[in-house]
Amino acid sequence: MLPLTLLRTAVYHPMLVELKNGETYNGHLISCDNFMNIHLRDVICTSRDGDRFWKIPECYIRGNTIKYLRLPEDVLGLVKEDTNEKPTRSGPPTRRPFRGRGDGGRGGHGGRSAGSGGDHRKGGGGGGRGGHQGSRGGGRGGQQGGQLRQGR
Amino acid sequence: MDLSIVNNDYYLSGMAALIGDVDKQLMVMLRDGRTLIAYLRSLDQFGNLVLHQAFERICIGRQYADIPRGLFVIRGENVLFIGELDFHQPLRVPLIEVTIEEILKLQKEDIEKKEHIEKLRQKAMIEHGLIDEGNPIEEHY
């Protein structure tokens, strides 16, 4: 899950926000947006040196001033529950862009073997050897097709 | 170009290159000089990271200590670099682990030493009539 999605699930949880200037804000997250702007409640602000403290009932922090946020570990478990509720869909990592090319390659090499007919196996095999993984499978298929035809 | 193919290996540009490092233990150095070691759980196109089971490693000379920090969401622009760690390999530079209190004490002394040197340097610059531009590496927000 995306970092901002994790932040959205962490609403109403306590967290520590450190700003770029070194100040830390400890409070409960009320809301956040896509720019990482956050609204906190019951905040304790600590200065950079850790020597001054302020108690702030509510504060709004602009996203671009944030260095990092520290969240309680149980928020990760919460996000996993949320994603299980959503319908599963295959994301970009599972998509294989070369599967289509492999199919095309197989069809193409099959066509070549059919055309040559009694021609050597080497021709189909050589064509299959060059190229990507998908085409390699296609070349193998073409080779087998050539063998079958010769047997007949 | 977002994707480049070199010797049958696929290289993605920008933050997408880190997708292969998800769930790996990485060393992340922030611009303020902090070093974090954690499992990368997720990232987005801005380089915002979710780091799990993070600990901050403070190194002073050959001595170090790890302070457990838990779950982090880091804003991408604050990251200096991210490196892959191999815990099975022995450290090329032998580091001595000390307690957290010890390393915090050493860190404080180290900062005081550096501030002292900086003060002397500034004084020397002024005495020689040179303009002092300060330390350009340190980040000032």
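Where an unreviewed UniProt entry is consulted, chain B appears under the name U6 snRNA-associated Sm-like protein LSm1, with the organism given as Rotaria sordida. UniProt lists a comment for chain B under the heading Sequence similarities (unreviewed entry), and it reads "Belongs to the snRNP Sm proteins family." Quoted verbatim from the Subunit (unreviewed entry) field of UniProt, the annotation for chain B is "LSm subunits form a heteromer with a donut shape."

Chain A goes by U6 snRNA-associated Sm-like protein LSm4 in an unreviewed UniProt entry, where it is assigned to Rotaria sordida. The UniProt entry for chain A carries the following comment under Subunit (unreviewed entry): "LSm subunits form a heteromer with a doughnut shape." Turning to chain A, the UniProt record has this under Function (unreviewed entry): "Binds specifically to the 3'-terminal U-tract of U6 snRNA."

1. Overview of the pairing of strand β3 (residues 38-46) of chain A
Successive residues of a regular strand alternate their side chains across the two faces of the sheet. Residue and element names in this part refer to chain A. With 7 bridges connecting them, strand β2 (residues 24-32) and β3 associate as antiparallel partners. Note on β3: the bridge partner recorded for Cys-32 is Ile-38. The antiparallel pairing of β2 with β3 creates a hairpin that spans 5 residues between the two strands, and Met-36 there sits at a positive phi of about 70°. Pairing analysis gives 8 bridges linking β3 to strand β4 (residues 53-61), with the strands arranged antiparallel. Residue pairing for β4: Thr-46 is matched across the bridge by Phe-53.

2. Some points on unusual backbone geometry
All names here are of chain A. One non-glycine residue, Tyr-12, adopts positive backbone phi at about 75°. Along the polypeptide, Tyr-12 turns up in the loop between α1 (3-9) and β1 (14-19). Among the residues examined, Tyr-12 registers a relative accessible area of 62% and is labelled exposed.

3. Structural notes on the nonpolar core
By size, the foremost hydrophobic cluster in this structure holds 26 residues, and its most contacted members are Leu-7, Val-17, Ile-38 and Leu-40 of chain A. Elements represented by at least two residues in this core include exactly α1, β1, β2, β3, β4, β5 (66-71) and α2 (74-85) of chain A together with β6 (63-74) of chain B. In this structure Leu-40 of chain A touches Met-15, Val-17, Tyr-25, Gly-27, His-28, Leu-29, Ile-30, Pro-57, Glu-58, Cys-59 and Ile-61 of chain A, once residues within four positions along its chain are discounted. In this structure, Tyr-68 of chain A together with Leu-36, Leu-49 and Leu-51 of chain B belong to the second largest nonpolar core, which totals 16 residues.

4. Brief notes about the interface of chain A and chain B
With 23 residues of chain A at the contact, the number on the chain B side is 23 residues. Here chain A packs against chain B, burying approximately 2200 Å² in sum over the two surfaces, 60% of which is carbon and sulfur. Its largest share of buried area at the contact with chain B, chain A owes to Pro-3, Lys-20 and Lys-67 of chain A, together 27% of the area lost on that side. The interface formed by chain A and chain B holds 3 salt bridges in total. Lys-20 of chain A is paired through a salt bridge with Glu-77 of chain B; the nearest N and O atoms lie 3.0 Å apart. Inspection of the region where chain A meets chain B yields 12 residue pairs in polar contact (both at pLDDT 80 or more). At the level of secondary structure, the elements contributing two or more residues to the side of chain A that touches chain B comprise α1, β5 and α2 of chain A. Among the residues making up the side of chain A that touches chain B, the classes are represented as 15 nonpolar, 3 polar and 5 charged. Pairing of β5 of chain A with β6 of chain B involves 4 bridges; the strand directions are antiparallel. Paired with Arg-70 of chain A across the strands is Phe-72 of chain B, a residue of β6 of chain B.

5. Things to note about a negative patch on the surface
Residues and elements named next belong to chain B. A cluster of acidic residues, Glu-101, Glu-102, Glu-109, Glu-112 and Glu-115, forms a negative patch on the protein surface. On the secondary structure map, Glu-109 appears in helix α1 (residues 100-127). The exposure class assigned to Glu-109 is partly exposed, which follows from its relative accessible area of 41%.

Procedures and definitions
- Residues numbered from 1 in each chain as written.
- Chains lettered and ligands numbered in written order.
- Predicted model: local features only at pLDDT ≥ 70, side-chain atom pairs only at ≥ 80, totals over all residues.
- Heavy atoms only, no water.
- UniProt positions renumbered as here; feature names shortened; annotations may be inferred.
- Pairing = 2+ DSSP bridges.
- Helix = DSSP H or I, 4+ residues; strand = E, 2+ residues; numbered from the N terminus.
- Buried < 20%, exposed > 50% of the residue type's maximum accessible area, 1.4 Å probe, protein only.
- Core = buried A, V, L, I, M, F, W, Y, C linked by side-chain atoms within 4.5 Å.
- Contact = heavy atoms within 4.5 Å.
- Buried area = accessible area lost by both parts, 1.4 Å probe.
- Salt bridge = Lys/Arg side-chain N within 4 Å of Asp/Glu carboxyl O.
- Polar contact = N/O pair within 3.5 Å; in protein donor to acceptor, adjacent residues only side chain to side chain.
- Nonpolar A, V, L, I, M, F, W, Y, C, P; charged D, E, K, R; others polar.
- Patch = residues over 30% accessible without salt bridge, like charges linked within 9 Å, V, L, I, M, F, W, Y side chains within 5 Å.
- Areas by Shrake-Rupley, 256 points an atom, 1.4 Å probe, with all protein chains shown as cover.
- Lys, Arg positive; Asp, Glu negative; His and termini not counted.
- Charge placed at Lys NZ, Arg CZ, Asp CG, Glu CD.

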